[in-house]
Amino acid sequence: MVRKALLVMFVVVWLVIGVLLSSAGWSQEKRMFEGVTISIGVLAAGNRGPISGALYYWRDEWEKQTGAKLNIIEVPIAQIREKIFTDLFTGGGTFDGFDGPIWITGDLLAGDYIYDIEQWYNDPRFPRWNKDDVVPGLADVVNKWGDTWYYAPNDYDCHTLNYRRDILTDQRWQAEFEKEKGYRYNVPPRTWEELADIAEFFNGKDWNGDGEPDYGISMALQKGQQAGWHFISLASPYMMVPSADGKPTRYKGVLWFDPETMEPLINQPGFLRALEMLIRLYKAGNPAQLGWELGGAWNEFLDGKSIFNYGYGDLGPLAQDEERSKVKGKLGCSILPGTLEVWDREKGEWMKLAEPNFITNAIGPSWSIMIFKQTKYPEVVYHLAAFHASKEISFWNVTHGFTGINLGQTFQFFTDQSFGEKKGEATIEDWVNQGWDKSDAEEYVKAFYENYTMSKTILPQLRIPGMQSYYDALDDQINAAVSGQVSPEVALQRVYDEWQKITKQLGVEKQLEYYREAIGYKK
């Protein structure tokens, strides 16, 4: 009986896939790359893990369509940069391409190691995707360098806030909070200060009724992992004065370096206040956070033990997996909180605001398929990238948690959500049909939509040469400050000094040129 059920399920899955691909207009008889094998590197996470999972899931169908073979090579995240650049520098030829993090783009371009994809974009031999489908502003900080496209759409990372909607909207907890703190909180919280108040209030209370104290927030703060990116997201509203049109100027819409001098901004008062906030938040959660990778922080939230978690969009889809999650149907999602003060570098003073300063967030690896110039088969690698960028495959990927692929194309959003002239194409039923709770899906998609449309000023991923060295210096000192080894002031000054050294080693003028191109700064 079980075998029969499995057989029926198998047939149904392939019928669905057949319909999807048929609607995409691809010929299933072409097999245009018969006999070719390409090797693509990817984050080591297995056949049901983030990023690698999508390659494994669709491999058989892609091979059937093209006649080519796909050899997937998994690489641990800490070794990705070393493995890629050793292979490219020595001409080893291990990888034809890589489903890699965009933060190495500057290093790849500096070495002239990757193809742009403009030559194949309109070629009818390849699966069709539309440049105009990418949410406005995202292509500039993910897919393009200057005006040239290097990556087809795949994953679009950003940080959003996840919270326990059922607990925060409970009138009993709202009344107890008001009695203790003297004000009524917003759902979701509007500022980082409000979020910290709420996290501290719930931390240590048995708010889930399991007889044990629970926590206010869960964060991935392990050294060598993601703590630095979480700090940068938290710092952005303290440091970034929005520019009117979204284009960076010397004093507005920039975060990492002064675009006129390449001097690091990391020791500015806005970053200091953000680091003090990060330490405050750490104390409102499990002390084990300092040893957690992303999975540890996600598990704490999915297990129903924490009120807040902020970070990549993977958590929303994972919350729908009832084998792993106790919070399906209880999920709240929103943009990250803002601040009521932002550091004005031009005037050297704090600017007070009537409404919170919210910054559109695009931080993260945004894993994209890179086509290396050392490959004999660039068209085959591009076909793979275009296959995953196409509408049907992309929508399936973003709605299934194990893929780790997040929203960034307009058709993934709801029909009442618009991006200028482009409108979303999905309905709530489309998401529910993929296994989502209706309210969770509405919260999740709304959070991404508001993040991408609330402000023209974007916090981008740093993509210049040497990015890994800059990040490692930041990561070391964030850990030192949060663990209490050094003061926040000392930690940030050390990062400043190290970033100055890295920039001088790589060449100030050259780094300044890359930085300006990466963020779209023009004098």
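Residues numbered from 1 in each chain as written. Predicted model: local features only at pLDDT ≥ 70, side-chain atom pairs only at ≥ 80, totals over all residues. Heavy atoms only, no water.

**Comments concerning the sheet that holds strand S3 (residues 97–100)**
Next, step 1: Sheet architecture is open: 4 strands sit in the order S2-S1-S3-S13, paired in mixed fashion. For this open sheet the edge positions go to strand S2 (69–75) and strand S13 (368–371), each flanked by a neighbour on one side alone. Along the sheet, successive strands turn relative to each other by an average axial angle of 25 degrees, direction set aside.
Next, step 2: Pairing of strand S1 (residues 37–43) with S2, which is carried by 7 bridges, proceeds in the parallel orientation. Bridged to Leu43 within S2 is Val75.
Next, step 3: Across the sheet, helix H14 (residues 378–389) lies against S1, S2, S3 and S13, angled at about 170 degrees from S13, the strand it touches most. (Pairing = 2+ DSSP bridges. Helix = DSSP H or I, 4+ residues; strand = E, 2+ residues; numbered from the N terminus. Axes fitted to C-alpha atoms, helices over the stretch in contact; angles between N-to-C directions. Contact = heavy atoms within 4.5 Å.)

**Here's the deal with the packing of helix H10 (residues 227–239) against helix H18 (residues 467–482)**
Next, step 1: Between H10 and H18, whose axes approach to 8 Å, the crossing angle comes to 85 degrees. The orientation of H10 with respect to H18, classified from their angle, is roughly perpendicular. Touching Ala227, Gly228, Trp229, Phe231 and Ile232 of H10 are Met467, Tyr471, Leu474, Asp475 and Ile478, all from H18.
Next, step 2: Among the residues forming the contact of H10 with H18, the class breakdown is 8 nonpolar, 1 polar and 1 charged. (Parallel < 35°, antiparallel > 145°, perpendicular 65-115°, else oblique. Nonpolar A, V, L, I, M, F, W, Y, C, P; charged D, E, K, R; others polar.)

**With respect to the packing of aromatic side chains**
Next, step 1: Applying the stated criterion to the full structure yields 40 aromatic pairs.
Next, step 2: Measuring from centroid to centroid gives 6.2 Å for Trp58 and Phe387, while their planes differ by 70 degrees, and the two rings are edge-to-face. In this pair, Trp58 is assigned in helix H2 (residues 52–66) and Phe387 in helix H14, connecting sequence segments 329 residues apart. In this pair, the class of Trp58 matches that of Phe387, namely buried.
Next, step 3: Centre to centre, the rings of Phe395 and Trp431 are 5.7 Å apart; their planes meet at 85 degrees, and the pair counts as edge-to-face. Here the residue Phe395 occupies a position in helix H15 (residues 391–398), and Trp431 occupies one in helix H16 (residues 428–432), the gap between them amounting to 36 residues.
Next, step 4: The rings of Trp173, Phe177, Tyr183, Tyr185, Phe201, Phe202 and Trp207 are connected pair by pair, giving a single aromatic cluster.
Next, step 5: Between the NZ or CZ atom of Arg81 and the centre of the ring of Phe85, over which it lies, the distance is 4.7 Å. (Phe/Tyr/Trp six-rings, centres within 6.5 Å; stacked < 30°, edge-to-face > 60°. Buried < 20%, exposed > 50% of the residue type's maximum accessible area, 1.4 Å probe, protein only. Lys NZ or Arg CZ within 6 Å of the ring centre and 35° of its normal.)

**Overview of the environment of Ile104**
Next, step 1: Tracing the chain through its elements places Ile104 in the loop between S3 and helix H4 (105–110).
Next, step 2: The exposure class of Ile104 is buried, given its relative accessible area of 2%.
Next, step 3: Sequence-wise, Ile104 and Ala199 are 95 residues apart; in three dimensions their C-alpha atoms are separated by 35 Å.
Next, step 4: In this structure, Ile104 is in contact with Arg81, Ile84, Phe85 and Met370, ignoring residues within four places of it in sequence.

**Observations concerning unusual backbone geometry**
Next, step 1: That bond from Val187 to Pro188 is cis: its omega, -5 degrees, falls within 30 degrees of zero.
Next, step 2: One can find Pro188 in the loop between helix H8 (171–181) and helix H9 (192–202).
Next, step 3: A positive phi angle, near 40 degrees, is found at Ser366, a position not held by glycine.
Next, step 4: Topologically, Ser366 is positioned in the loop between strand S12 (360–362) and S13.

**Some points on the pairing of strand S11 (residues 349–357)**
Each regular strand displays side chains that alternate between the two surfaces of the sheet.
Next, step 1: Examined bridge by bridge, strand S10 (residues 339–344) and S11 share 5 bridges and lie antiparallel to one another. Looking at S11, one finds that Asp344 is bridged to Glu349.
Next, step 2: Hairpin remark: S10 followed by S11, antiparallel, with 4 residues in the connecting loop; positive phi at Gly348, about 70 degrees.

**Regarding the confidence of the model for the protein chain**
Next, step 1: Per-residue pLDDT for the protein chain has a mean of 93; in total, 94% of the residues score no lower than 70.
Next, step 2: For the stretch residues 1–16, pLDDT sits under 50, and the model shows 3 contacts to residues farther than four places along the chain or on other chains. (pLDDT = per-residue confidence, 0-100.)

**Some points on the nonpolar core**
Next, step 1: With 172 residues, the main nonpolar core has Leu108, Phe231 and Trp431 as its most contacted residues.
Next, step 2: When sequence neighbours within four positions are dropped, the list of residues in contact with Trp431 reads Phe395, Val398, Thr399, Leu407, Gln412, Phe414, Ala426, Trp436, Ala441, Tyr444 and Val445. (Core = buried A, V, L, I, M, F, W, Y, C linked by side-chain atoms within 4.5 Å.)

**Considerations on helix H17 (residues 438–453)**
Next, step 1: Under the 1.5 Å per step criterion, the end-to-end length of H17 is 22 Å for 16 residues, consistent within 8% with the ideal 22 Å.
Next, step 2: Residues of H17 that are buried: Asp440, Ala441, Glu443, Tyr444, Val445, Ala447, Phe448, Tyr449, Asn451 and Tyr452.
Next, step 3: Two or three places before Ser439, at the start of H17, stands the capping residue Asp437, its side-chain oxygen 3.0 Å from that residue's backbone nitrogen. (Expected span 1.5 Å × (residues − 1). Polar contact = N/O pair within 3.5 Å; in protein donor to acceptor, adjacent residues only side chain to side chain.)

**Structural notes on the sheet that holds strand S9 (residues 331–334)**
Next, step 1: Sheet architecture is open: 4 strands sit in the order S7-S8-S6-S9, paired in mixed fashion. Of all the strands in the sheet, just strand S7 (215–217) and S9 have a single pairing partner and so form its edges. The sheet shows a mean angle of 20 degrees between the axes of neighbouring strands, direction not considered.
Next, step 2: Inspection of the sheet shows strand S6 (residues 160–164) paired to strand S8 (residues 306–311) by 4 bridges, in the antiparallel sense. Its bridge partner being in S8, Tyr163 is matched across the sheet by Phe308.
Next, step 3: Lying over the sheet, H17 contacts S6 and S9, oriented at roughly 15 degrees with respect to S9.

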